[in-house]
Amino acid sequence: MSNADTVTGVLDRITAHYVFPERAAEMATVVRRHLDDGRYDELSGPQLCTTLTDDLQSVCPDRHLRLIWHERARPAWDRADDDAGEVAARRERYRLNAEGIHRVERLAGNVGLIEMRGVGDPAWTASAYAAAMQLVAHTHALILDMRRNSGGTPDSVALFCSYFLSDKPVHLNDIYDGTTRRTRQFWTLPHLPAPRYLDRPVLVLTSAQTFSAGEEICYNLQAQGRATLIGETTRGGAHPSDTYQVSPHVDVRVPCARSINPVTGTNWEGTGVKPDQSCDAEHAWDIAYREALRHVLAATADADSEHQVAVRVEAECALAELQLP
């Protein structure tokens, strides 16, 4: 395909599927003007993808909207056929990365830690989430490290958030699909395979790299008043998207839906999720651990059992070792 054919194919898919049709028309107007001016004529494939992505986002700075270059040519495929190769590759990636659960630990002072780097399909993640939540079930406070979470599926977001809210139904999020014009609601689950984590602090670490479904976990828990966010404002991608093949080398990722939080009435697209305590991502760990340890000391202030006293001593020693003012 020529560069002009590729650009036209990208615009066709954006016009057909982008969640905001009026913005799709604005992008098409700008890009066609660039096309007529010869802006894309001499660009290599990777350069075309980068330049066209920049041009699209200059009109509509949607974090999910982008072109993807594949160095190796691929056979034609149609999203309607539910590309088995894509599903299998995604499944393999999550399987080899512990379904997104990168680390689970009991820290000194009986503080729990879960580091999550992705949000897979609930058919894959349910048992991993249950195992992680079982291991931290009896801690005094919990740190969720979402600083490297690159996103995933909204169904698993609802599943994971359910562990931090009561068994009464809680409305977490709505997703409006621009293609079907239907809205799907996401609620907490009434039954879970591991204990819920209630009535104890949850401290969530964020960074400028936290993205998409990873951001939704942060946003949902913050909106429900169930967690304190510490770190950086997140990347700001709230529009679920689909990938469409344009050529053997080029795909375009098109946001086809938008999230609507029932508490705030909006989402984090473009703005990111703003933390309750702002700091560099690298310092968020120490600040969160300090807050967790202070809670442990308060919770064990009147401890009379030897085990609770031991936890308090652990917390005191850990707090003394932190290099914070």
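Given the structure is predicted, the values throughout are model-derived calculations rather than measurements.

(A) Representation of the nonpolar core in the model. Ranked by internal contacts, the top residues of the largest apolar core, which has 41 residues, are Met133, Leu144, Phe164 and Ile217. For this core, the secondary structure elements donating two or more residues are strand E3 (111-116), helix H5 (122-135), strand E4 (141-145), helix H6 (154-162), strand E5 (171-177), strand E7 (202-206) and helix H7 (213-223). Look past the residues within four positions of Leu144 in its chain and what remains in contact with it is Ile114, Phe160, Phe164, Val202, Leu203, Val204, Leu205 and Leu221. If you look at the next biggest cluster of nonpolar residues, it comprises 25 residues, including Tyr18, Val30, Leu48 and Val59.

(B) Here's a closer look at the sheet that holds E3. Here six strands make up an open sheet; going across it, the order is E2-E3-E4-E7-E8-E12 and the pairing mixed. Looking at strand neighbours, the two that pair on one side only are strand E2 (101-107) and strand E12 (277-278), the edges of this open sheet. Where E4 meets E7, four bridges bridge the pair, whose relative direction is parallel. Bridge pairing in E7 places Leu142 opposite Val202. Of the strands in this sheet, E2 and E3 are in contact with H5, which crosses E2 at around 15 degrees.

(C) Spotlight on the layout of surface pockets. One number sums up the size of the second largest pocket: a volume of about 180 Å³. Those elements that place two or more of their residues in the lining of the second largest pocket are helix H4 (84-95) and E2. Split by residue class, the lining of the second largest pocket holds four nonpolar, five polar and two charged.

(D) Up close: the side chain of Asn261. Positionally, Asn261 belongs in the loop between strand E11 (257-260) and E12. Judged by its relative accessible area of 2%, Asn261 falls in the buried class. Reaching out from Asn261, the side chain makes a polar contact with the backbone nitrogen of Thr264 at a distance of 3.1 Å. Those residues in contact with Asn261 that lie beyond four places of it in its chain are Leu172, Asn173, Tyr219, Asn220, Ala223 and Thr266.

(E) Here's a closer look at the sheet that holds E11. One open sheet accounts for three strands, arranged E6-E5-E11; its pairing is antiparallel. Strand pairing shows two members of the sheet lacking a second neighbour, strand E6 (182-187) and E11, which therefore form its edges. The sheet shows a mean angle of 20 degrees between the axes of neighbouring strands, taken without regard to direction. The sheet contact formed by E5 and E6 spans six bridges and is antiparallel. By the bridge assignment, Ile175 is partnered in E6 with Arg184. Across the sheet, H6 lies against E5 and E6, angled at about 25 degrees from E6, the strand it touches most.

Basis of the calculations
Residues numbered from 1 in each chain as written. Predicted model: local features only at pLDDT ≥ 70, side-chain atom pairs only at ≥ 80, totals over all residues. Heavy atoms only, no water. Core = buried A, V, L, I, M, F, W, Y, C linked by side-chain atoms within 4.5 Å. Buried < 20%, exposed > 50% of the residue type's maximum accessible area, 1.4 Å probe, protein only. Helix = DSSP H or I, 4+ residues; strand = E, 2+ residues; numbered from the N terminus. Contact = heavy atoms within 4.5 Å. Pairing = 2+ DSSP bridges. Axes fitted to C-alpha atoms, helices over the stretch in contact; angles between N-to-C directions. 1 Å grid on protein atoms, 1.4 Å probe; cavity = no way out; pocket = protein on both sides within 12 Å on 5 of 7 lines; lining within 4 Å. Points joined across faces, edges and corners; volume = space filled by probe spheres on them. Nonpolar A, V, L, I, M, F, W, Y, C, P; charged D, E, K, R; others polar. Polar contact = N/O pair within 3.5 Å; in protein donor to acceptor, adjacent residues only side chain to side chain.

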